[in-house]
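Each chain, written out:
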Amino acid sequence: MGTESEMRRLPTIHHHSQSTGDADSEIGSVDYNTYTVVIPPTPDNRPAPIEISMQPVRTDNQGLSNSMFSGVNNRVTRTFSKVKVVGSDAKGSFCAVPGCGSRIMSDGQGNDIFPCECGFKICGNCYKDVLEAGDGICPGCKEPYKGLDESELVVESHRKMSEQAKSLSIVKSTKLRGSQSGEFDYTGFLFESKRSYGYGNAVWPADGVDGNNDGVGGGGGGPQLSSEKRWKPLSRKVKIPAGVLSLYRILILLRMVALGLFLQWRIRNPNEDAIWLWLMSVVCEIWFAFSWLLDQLPKLCPINRATDLDILKEKFETPSPNNPSGKSDLPGIDVFVSTADPEKEPPLVTANTILSILAADYPVEKLSCYVSDDGGALLTFEAMAEAASFARLWVPFCRKHDIEPRNPESYFNLKRDPYKNKVRPDFVRDRRRVKREYDEFKVRINGLPDSIRRRSDAFNTREEVKVLKRWKESNDDEPMESLKIQKATWMSDGTHWPGTWQVPAPEHSRGDHASIIQVMLDPPSDEPQKGAEGDGNSMDLCEVDIRLPMLVYVTREKRPGYDHNKKAGAMNALVRASAIMSNGPFILNLDCDHYIFNSQALREGMCFMMDRDGDRICYVQFPQRFEGIDPSDRYANHNTVFFDVNMRALDGIQGPVYVGTGCLFRRTAIYGFDPPLSEEGSGCCSCCFPRPKKLLTSSSASEADSEENMLRNDDEMNLFLIPKKFGNSSLLVESIQEATIQGRPLADHPSIKNGRQPGALTNPRKPLDPTIVGEAISVISCWYEDKSEWGQSVGWIYGSVTEDVVTGYRMHERGWKSIYCVTKRDAFRGTAPINLTDRLHQVLRWATGSVEIFFSRNNALIAGSRLKFLQRIAYLNVGIYPFTSLFLIVYCFLPALSLFSGQFIVQTLNITFLVYLLVITLTLCALAVLEIKWSGIALEEWWRNEQFWLIGGTSAHLVAVLQGLLKVIAGIEISFTLTSKSAGDDVDDEFADLYIFKWTSLMIPPLTIIMVNLIAIAVAVCRTIYSTSPAWSKLIGGVFFSVWVLVHLYPFAKGLMGKRGKTPTVIYIWSGLMAVSISLLWVAVNPPSGNSDIGGSFQFP
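Residues numbered from 1 in each chain as written. Predicted model: local features only at pLDDT ≥ 70, side-chain atom pairs only at ≥ 80, totals over all residues. Heavy atoms only, no water.

Caption draft 1: View of the side chain of E557. You can see E557 is positioned in the loop between β10 (550-555) and α14 (566-581). Judged by relative accessible area, E557 falls into the buried class, the value being 14%. Polar side-chain contacts of E557 include one of 3.0 Å to the side chain of R559. (Helix = DSSP H or I, 4+ residues; strand = E, 2+ residues; numbered from the N terminus. Buried < 20%, exposed > 50% of the residue type's maximum accessible area, 1.4 Å probe, protein only. Polar contact = N/O pair within 3.5 Å; in protein donor to acceptor, adjacent residues only side chain to side chain.)

Here you go:
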């Protein structure tokens, strides 16, 4: 018995050799030896008193004898209770995992938290162990955990820290605790200062034990989660400096007060001598104040954002237990490129955009490109075929040498040194060869129109010969003149082109042709495919993946009698076709002239979609950046105030508006579904004063999960019971749920709600077969949308020429959020019309769409409650801003009327009026300076925007209001003019298109304003100089406001002058006619020298 008793008192060591397999550790692939040491009580090893108890949760004397210590190399020793103390008076329940017995997790008020709906009790350490094991299965009900909010784990971590810091210590705690010995509490200092005293397990290290924060030194119950265990966000908000933002908001408030006081003073002090002039000016000023308020209020909460591409790669493309091979776990992206007219949108521009997409830095097997040719032109089709052929050389070249940008036209025209930072010895040879191939590619593209014409003429001639031969052989009495042979357009394989012919014919015109789908590049294989070794004449691609993304050419069917809904209808056809062929859960929409300038732009956008709460983001909008703009940006083509000020400000509310291109969509949001439920408040001031998120208790978690499951089941039920919402394609309906699941963020942390399993997207996608392509052709037919909700609540919304703004508005109205992604290197670049006429027509189309929005059900005044207050104001301003032109054009004539009549908008230029005017002007300038400060735009860009605001307001906006009223009242449809992407004919001048003058009726109002104000200044100055009692104050006031108008219209006047003063004759004619007409009118109304006869005794001095 004695020997047996002594053996029981000896320590027993159990050796377990295993591989940890910890995905969160950098050295998780190394084998470790785990020792379990059971120390029995001996005379030399008595149970410790309460202060030095080895248990983290027990406070009795049974600490050592009933505890098991488990440790791993580079891990802090952890204690597990072997028995559970019954009747303990300690607050809280204990973990039900066998061999543990620690207190379960609780919130800040001490309430127990149950991670699973079954109510199984589990402590924080065991809960993390279960999640780190990779299965995340509840030990009680054997169901997967739904996950907890990170804030709860932090609360639990700090509670464990405070308890274990007091109890778990190998050294005597009495020497460290100041409350018992009076000495300094080094443990508390360690936790507060987050410093480490080197190696050892006497106290919990704040970071990793080696001081490099590698996450292998802090056990499960340390003061904070280790860096690998801690959630790593893919994006973060970069707030505007508080000093700038606070001053900005104070100035807005100050200007609002100043405007209110000024308008009150203006109303109470009318000009009795010219009441008509005073009334018009006051009405205009009230509207301007209201319009400024609508524009300024949404700018209260500007923010910036930043992404972390390294963490994205670590999470989705790094080997892990769920993804041992390290294959990309990123979701798929379908890129849509839309074009309509190869004459206005040159095929070479579209081909370069396609090449930049195919060469993007994104997993090849996850990327697909769809080109929508809404004109059905053979020229575009063959240009895409040429681009697919050249991509086999261009894309590997970009990957091998890390080329930026990956648009060949832009790359070879760079004005910087192309050899900078290039170290591979074969780069010069490879670049020279690719440049030669690209030059030949451009020649082939430019020669396609003539090639198609000659080929078609040859085939048509052959057909004519055959018909004539048959006519002669038949010996028919039918005259030869009656033989009609259609002038068809032929493909290179000797067949008729199913789309639009060069000579329109029935079933072969722009509004009447069949649907076409052609897979230019097949879906790539799932595994990387290396190229061949090069010789002296070819490129060495033995280390380069030569796979190419799938490229598909799409032309939807068009037939007479159907409303094809312009660009919105073409985009919806692409949504349906892509859902059947590739079904990428995300969609990137680009215009044919907007190419990928930053090859990692897709990854930047994915950082937001895959981040926490990313499932509530409907789209990520990138700013539009333009090339080929004149250095002075005469007509504010860069539009930087909108893209860098307004859009950043909207990002702090509910998100930026959709601007038609450069936008990464969530496919689920396009289908018209609502976002997941949110715990976050959505009040009117939530952007400036956000409500704290509710801590998830066991009851609220179960209720939220049950409600979410109910909604999900309802959605699934609706999909199968009401397929007419999406049409009668079963494949399309089945693809919706798959895209929804694949688009969810990665469930790699308890705080991720509705996440997908890691490694779920590493499997190869289904291959294409003729059945799938046939189904895709059927869903792009012109009848497919009949009796469905496409264009109403699903897809791009119909009924407006600005379908982009309406589509984004509908998503925000359903409660979705959007993100504005401004990258360090521009994500996309495109072209913009620098010609004055084209620019005015572009603004006319935007303004007309805004008027349509105002008179439709998309007016923000009648939006649902899910649209935030400031976001509602922003959308309201979108529909109202064109109406400002009615007041603006009147206000621009007021200075001239004042000078002609000798009166002014106020009785006299007293000190009160001047002080108000000074305060309003200074606050406006101060706000502009602060906007420049937090947005990063230049002062010149802000001033160009102000100038073109008046130019557009007195021309295109005014016509847009008239067109909108005609459509609403008389039902007259508004014609859509496609913006030309082609440049001028002068190849020697990069900005030749800037000086091309094309007359349009939009120029009449601003031209009239210029001439009237110039004549008014001349008349007023002459009258005042030779007057017996000159009214200098009224002259100064009128001249000041006339000069203000003329300065704003200076770019317009400069555009009329053409290049080097080559003023078109029409300008002189219009100027002379207006000058003579206005002079005669004024002399007739107010004859000089008191003579009632026109001309009278008036004499020039």
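So, next bit.
Caption draft 2: Fine view of the environment of I670. Among the secondary structure elements, I670 is positioned in helix α17 (residues 667-670). Residues I670 and I587 lie 83 residues apart in sequence; the distance between their C-alpha atoms is 9.3 Å. Among all residues touching I670, those that are not within four sequence positions of it are V575, I587, F665, V794, G795, W796 and M811. (Contact = heavy atoms within 4.5 Å.)

Caption draft 3: A look at the packing of helix α28 (residues 1004-1025) against helix α29 (residues 1032-1048). In contact at an axis separation of 10 Å, α28 and α29 are set at 160° when each is read in the N-to-C sense. Accordingly, the angle class assigned to the pair α28 and α29 is roughly antiparallel. Where α28 crosses over α29, the two elements pack in a sense that is left-handed. Together, I1009, I1010, N1013, L1014, I1017, A1020, V1021, T1024 and I1025 of α28 and W1032, L1035, S1042, V1045 and L1046 of α29 make up the contact between the two elements. Residues belonging to the contact of α28 with α29 are distributed by class as follows: 11 nonpolar, three polar and no charged. (Axes fitted to C-alpha atoms, helices over the stretch in contact; angles between N-to-C directions. Parallel < 35°, antiparallel > 145°, perpendicular 65-115°, else oblique. Left-handed = near helix turned anticlockwise from the far one by under 90°. Nonpolar A, V, L, I, M, F, W, Y, C, P; charged D, E, K, R; others polar.)

Caption draft 4: Expanded view of the pairing of strand β17 (residues 828-831). Only one face of β17 is buried: it carries F828 and G830, and the other face, with R829 and T831, is open. Of the strand pairs in this sheet, strand β12 (residues 595-596) and β17 are connected by two bridges, and their pairing is antiparallel. Bridging across to β17, Y595 finds its partner in R829. Bridge count for strand β14 (residues 625-627) against β17 is three bridges, and the pairing is parallel. Residue pairing across strands places E627 opposite T831, the latter belonging to β17. (Pairing = 2+ DSSP bridges.)

Caption draft 5: Spatial organisation of the packing of aromatic side chains. Under the counting rule described, the total for this entry stands at 44 aromatic pairs. Relative to F441, the ring of F390 has its centre 5.0 Å away and its plane inclined at 15°; by these criteria the two rings are stacked. Placement of F390 in helix α10 (residues 378-401) and of F441 in helix α12 (residues 427-446) is noted, with a sequence separation of 51 residues between them. F441 shares its class with F390; the two are buried. (Phe/Tyr/Trp six-rings, centres within 6.5 Å; stacked < 30°, edge-to-face > 60°.)

Caption draft 6: Local environment of the state of the cysteines. A complete count under the given rule lists zero disulfides for this structure. Free of any disulfide, C123 has its nearest cysteine sulfur in C126, 3.4 Å distant. C123 sits in the buried class, given a relative accessible area of 0%. (Disulfide = S-S within 2.5 Å.)

Caption draft 7: Focus on the nonpolar core. The biggest cluster of nonpolar side chains holds 145 residues, and the ones touching the most others in it are I517, F665 and Y671. Those residues in contact with Y671 that lie beyond four places of it in its chain are V575, A579, K725, F726, L732, S735, I736, W790, S793 and V794. Counting 82 residues, the second-largest nonpolar core is a separate cluster that includes L348, Y362, L551 and V620. (Core = buried A, V, L, I, M, F, W, Y, C linked by side-chain atoms within 4.5 Å.)

Caption draft 8: How the structure looks around helix α15 (residues 601-609). Of all the nine residues making up α15, nine are buried; the element is thus mostly covered by neighbouring parts of the structure. Among all positions of α15, only A601, L602, R603, E604, G605, M606, C607, F608 and M609 are buried.

Caption draft 9: Broad picture of the sheet that holds β14. If you trace the three strands from one edge of the open sheet to the other, you get β12-β17-β14, paired in mixed fashion. Because the sheet does not close on itself, it has two edges, and the strands there are β12 and β14.

Caption draft 10: Structural detail: unusual backbone geometry. With an omega dihedral of -10°, the bond running from E404 to P405 counts as a cis peptide bond. Mapped onto the elements of the fold, P405 is located in the loop between α10 and α11 (408-412). Unlike most non-glycine residues, K787 shows phi in positive territory, near 55°. Topologically, K787 is positioned in the loop between α20 (770-779) and α21 (803-813).

Caption draft 11: Structural detail: the sheet that holds strand β13 (residues 617-621). If you trace the eight strands from one edge of the open sheet to the other, you get β9-β10-β8-β7-β11-β15-β13-β16, paired in mixed fashion. Bordering the open sheet on either side are β9 (516-521) and β16 (817-820), each of which pairs with just one other strand. Going across the sheet, the axis of each strand differs from the next one's by a mean of 20°, ignoring polarity. Where β13 lies against β16, four bridges are found, and the strand directions are parallel. Looking across to β16, one finds that Y619 is bridged to S818.

Caption draft 12: The pattern of salt bridges, seen in detail. One pass over the full model with this rule turns up 43 salt bridges. With its nearest N and O atoms 3.9 Å apart, the salt bridge here joins E527 to K327. Of this pair, E527 sits in the loop between β9 and β10 while K327 sits in the loop between α8 (309-316) and β7 (333-339), and the two are 200 residues apart along the sequence. As a salt-bridge pair, R454 and D450 come within 2.8 Å of each other at their nearest N and O atoms. Of the two residues, R454 and D450 both sit in helix α13 (residues 448-474), four residues apart, roughly one turn of that helix. In the salt-bridge network here, residues are joined through shared partners; they are R625, E627, D644, R648, D826 and R829. (Salt bridge = Lys/Arg side-chain N within 4 Å of Asp/Glu carboxyl O.)

Caption draft 13: Layout of α29. Across its 17 residues, α29 extends 24 Å between first and last C-alpha, which sits within 8% of the 24 Å expected from 1.5 Å per residue. Residues of α29 that are buried make contact with α24 (884-901), α26 (939-953), α28 and α30 (1050-1057). (Expected span 1.5 Å × (residues − 1).)

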